[in-house]
Amino acid sequence: MIAPDSLLQSLQQALAGRYVLERPLGRGGMSIVYLAREVRLDRLVAIKLLPPAQAVVPAARARFLREARTAARLSHPNIVPIFAVHEIGEFVCFAMAYVAGETLGQRVRGSGPLGVPEAGRVLRDVALALDHAHAHEIVHRDVKPDNILLDRVAGRALVSDFGIAQATSDGTTTGSRQLGTADFMSPEQARGRPVDARSDIYSLGVVGFYALSGSLPFAGRDAMTVLARHVTDPPPPLASVAPATPRRLAGVIDRCLAKEPDARFPNAATLATAIARAVGEGGAPAVAVRAFVMQSQRLVPAALLYGALAGVALPLLGLHALGFPLDWPSAPDVAAGALIVTLPLGVMVARVRRLLAAGCDRGDLVAALDEECERRSEELAFLYGDGASRLEHVLRWVCYVALGAAVGLVAAAAGLTLLGFAPLVPTLFRVAATVSVLAGVAARARTEHRTDPRTERRLRFWSGFGGRALFAVAGLGLERSDAPTGVRLRRRSNGGSPTLTPHPRPTPTPTPTS
């Protein structure tokens, strides 16, 4: 039965023969959503209407139609699909899938924080949806609980409302106006700066904080106060307000909330993997990834740099030891040096190519290294505590004093040289070198129990420009294997031989409409 709503009745007349409107589902500042039945296909749909008063405003109309076009470009099981757009007289509306359930905001406001398994499932679904949008160079820019629908029939989360999503060819968005919701806005978006996929990752981090704790990381008397806090204030650790959250999952959310985009997850796919593993659903990394990580431990940026330096220095030193003058090297010398320098890179490209041929990609490798860093950090924290010990504080000052002494000795040697006391200079330089070595030892002793710099360097390399470049070069002309990216090696419970269990990436499936 149609409610006695004059707007609903007028819209029903405009859509007669196509849809039968049943009741309002929700109302916002820029749209009204009605439940309707599509006559021809006999299915329930949601009709999103731009109120006539807004439809005559060109900017509002353009934004509304842009939302429909943007969402229509995306086909993913965790994104609400758009079926049709209608412009009939004064009415502008579009039909989309009806999701039987409620929004994440309604769930938390009505029932409190989600449990860890459900929160992990919802956050992973949203991360996968965002990864699909980002792959199409679309940044959502308004990720919030009220734009996340929880389908009680299919048991999954779906992202809606791409009304302010925009993108350029490089995947960044620009604009001087602060469009979005202040409570969930990234620092760079709050400043009106260009944003990319990592802005959505920050917003999803706020959503995760809210879903697991029932509260927001930042609150204020008005929107401007909240925006300022997103820009300047460090967020509270999730564990401080939701102590029941597993440490690894809390760490994932905390990383999403980093002020600097580079400190967050590099992409939403890596975030989805981290969430799954944090709640115990991700399994072990693919065997190809594990083998690559083990095999390439020494081929990290520092090792490549050392190899390059050695490739140039060792041949020259050898020639000098044999009595040859160190003149400008000849063409064969340059070719030999270039071969030695590029050999480690060639080996690494071959290994990356083998990884790609096995059906894995850079995101899988980065996720595995990130998990290794997290695991190592937990082990070190258990062994040595979360904070610096008294001995480490003492060694820190020893390091500072030693470095200061070394600098002072070098300055003294330079002064003595200018004053004509050259014979004392070698002694001072030897002392300075000894002091510098002691300072390095002290600095190493201060941090070696607290961090795992080698693994951290590898993670930075593979998640940065160098890793992207190597994967791009290695993938040239390569035919990828049909094996799914997430193949896991598991042993049967009865002790039998290992079996390969595929965990393929999600593929679009029909979205239920009732």
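You'll find the structure just up there.
Residues numbered from 1 in each chain as written. Predicted model: local features only at pLDDT ≥ 70, side-chain atom pairs only at ≥ 80, totals over all residues. Heavy atoms only, no water.

So, about unusual backbone geometry. The backbone of D42 sits at a positive phi, close to 50°, despite the residue not being glycine. When you line up the elements, D42 lands in the loop between β2 (32-38) and β3 (43-50). Accessibility expressed as a relative area gives 53% for D42, which makes it exposed. (Helix = DSSP H or I, 4+ residues; strand = E, 2+ residues; numbered from the N terminus. Buried < 20%, exposed > 50% of the residue type's maximum accessible area, 1.4 Å probe, protein only.)

What follows covers the packing of aromatic side chains. Applying the stated criterion to the full structure yields four aromatic pairs. A centroid spacing of 5.5 Å and a plane angle of 70° characterise the contact between F292 and W462, whose relative ring orientation is edge-to-face. Of this pair, F292 sits in helix α12 (residues 287-295) while W462 sits in helix α18 (residues 453-463), and the two are 170 residues apart along the sequence. We note that F292, like W462, is buried. Summarising the aromatic geometry, the rings of F461 and W462 are spaced 5.0 Å apart at their centres and angled 75° between planes, so their arrangement reads as edge-to-face. This pair shows no difference in class: F461 is buried, exactly as W462 is. Feature note: the residues F292, F461, W462 and F471 constitute an aromatic cluster, connected by ring pairs. In this structure, R43 is placed above the aromatic ring of F83, and the distance from its NZ or CZ to the ring centre is 3.9 Å. Its end group placed over the ring of F265, R255 keeps NZ or CZ at 4.2 Å from the ring centre. (Phe/Tyr/Trp six-rings, centres within 6.5 Å; stacked < 30°, edge-to-face > 60°. Lys NZ or Arg CZ within 6 Å of the ring centre and 35° of its normal.)

This part takes up empty space enclosed by the protein. Evaluation of the coordinates by the stated rule reveals two cavities of 30 Å³ or more. Here the second largest cavity is characterised by a volume of approximately 40 Å³. Lining the second largest cavity we find R141, D142, V143, G180, T181, F184, M185, Q189 and S203. By residue class, the composition of the lining of the second largest cavity is three nonpolar, four polar and two charged. (1 Å grid on protein atoms, 1.4 Å probe; cavity = no way out; pocket = protein on both sides within 12 Å on 5 of 7 lines; lining within 4 Å. Points joined across faces, edges and corners; volume = space filled by probe spheres on them. Nonpolar A, V, L, I, M, F, W, Y, C, P; charged D, E, K, R; others polar.)

You can see R73 is positioned in the loop between α3 (58-72) and β4 (82-88). Considering only alpha carbons, one finds R73 and I138, 65 residues apart in sequence, at a separation of 9.7 Å. Ignoring anything within four residues of it in the chain, the contact list for R73 reads H136 and I138. (Contact = heavy atoms within 4.5 Å.)

By volume, the largest pocket amounts to about 1000 Å³. Looking at the lining of the largest pocket, the element that brings in the most residues is α3, giving five residues. The class makeup of the residues in the lining of the largest pocket is 21 nonpolar, twelve polar and eleven charged.

A few words on the sheet that holds strand β8 (residues 156-159). In spatial order, the strands read β6-β7-β8; together these three strands make up an open sheet with antiparallel pairing. Both edges of this open sheet fall to β6 (101-103) and β8, since each of them pairs with a single strand only. On average, adjacent strands in this sheet sit at an angle of 25° to one another, irrespective of strand direction. Along the sheet, helix α4 (residues 104-111) contacts β6 and β7 (148-151); its crossing angle with β6, the most-contacted strand, is approximately 90°. (Pairing = 2+ DSSP bridges. Axes fitted to C-alpha atoms, helices over the stretch in contact; angles between N-to-C directions.)

Following the sequence through the fold, E371 ends up in helix α15 (residues 362-384). Once the C-alpha coordinates of E371 and R248 are considered, the two residues, 123 residues apart in sequence, prove to be 9.5 Å apart.

Turning to the nonpolar core, a few remarks are in order. Generally speaking, soluble globular proteins have nonpolar side chains that are buried together. Judged by nonpolar contacts, the single largest core of 64 residues is most densely connected at L104, L204 and L271. When near neighbours in sequence (up to four residues on either side) are disregarded, L271 contacts A127, I201, L204, V252, C256 and F265. Of all hydrophobic cores here, the second largest spans 19 residues; its members include V293, V366, L459 and W462. (Core = buried A, V, L, I, M, F, W, Y, C linked by side-chain atoms within 4.5 Å.)

The subject of this paragraph is the packing of helix α10 (residues 247-256) against helix α11 (residues 268-278). The contact between α10 and α11 brings their axes to 8 Å, and the two run at 155°. With respect to each other, α10 and α11 are oriented roughly antiparallel. Once α10 is placed against α11, the crossing between them reads as left-handed. In this structure, α10 contributes R248, L249, V252 and C256 to the contact, and α11 contributes L271, A274, I275, R277 and A278. Considering only residue class, the contact of α10 with α11 consists of seven nonpolar, no polar and two charged. (Parallel < 35°, antiparallel > 145°, perpendicular 65-115°, else oblique. Left-handed = near helix turned anticlockwise from the far one by under 90°.)

What follows covers α12. Along α12, the residues that are buried comprise V289, F292 and V293. Burial along α12 is one-sided: seen end-on, the buried residues are contained in an arc of 100°. (Arc of directions from axis to C-beta.)

Okay, the pattern of salt bridges next. One pass over the structure, following the stated rule, counts 16 salt bridges. D142 is the salt-bridge partner of K144, the closest N and O atoms lying 3.8 Å from each other. Ionic pairing is found between R229 and D233, a salt bridge with its closest N-O pair at 2.8 Å. A single salt-bridge network, built from bridges that share partners, covers E22, R37 and D42. (Salt bridge = Lys/Arg side-chain N within 4 Å of Asp/Glu carboxyl O.)

Taken in spatial order, the five strands of this open sheet run β1-β2-β3-β5-β4, and their pairing is antiparallel. Two strands lie at the open edges of the sheet, namely β1 (19-27) and β4, each paired on one side alone. Strand after strand, the sheet turns through a mean of 25° between neighbouring axes, direction not considered. Pairing of β4 with strand β5 (residues 91-97) involves six bridges; the strand directions are antiparallel. For V85, the partnering residue across the bridge sits in β5 and is F94.

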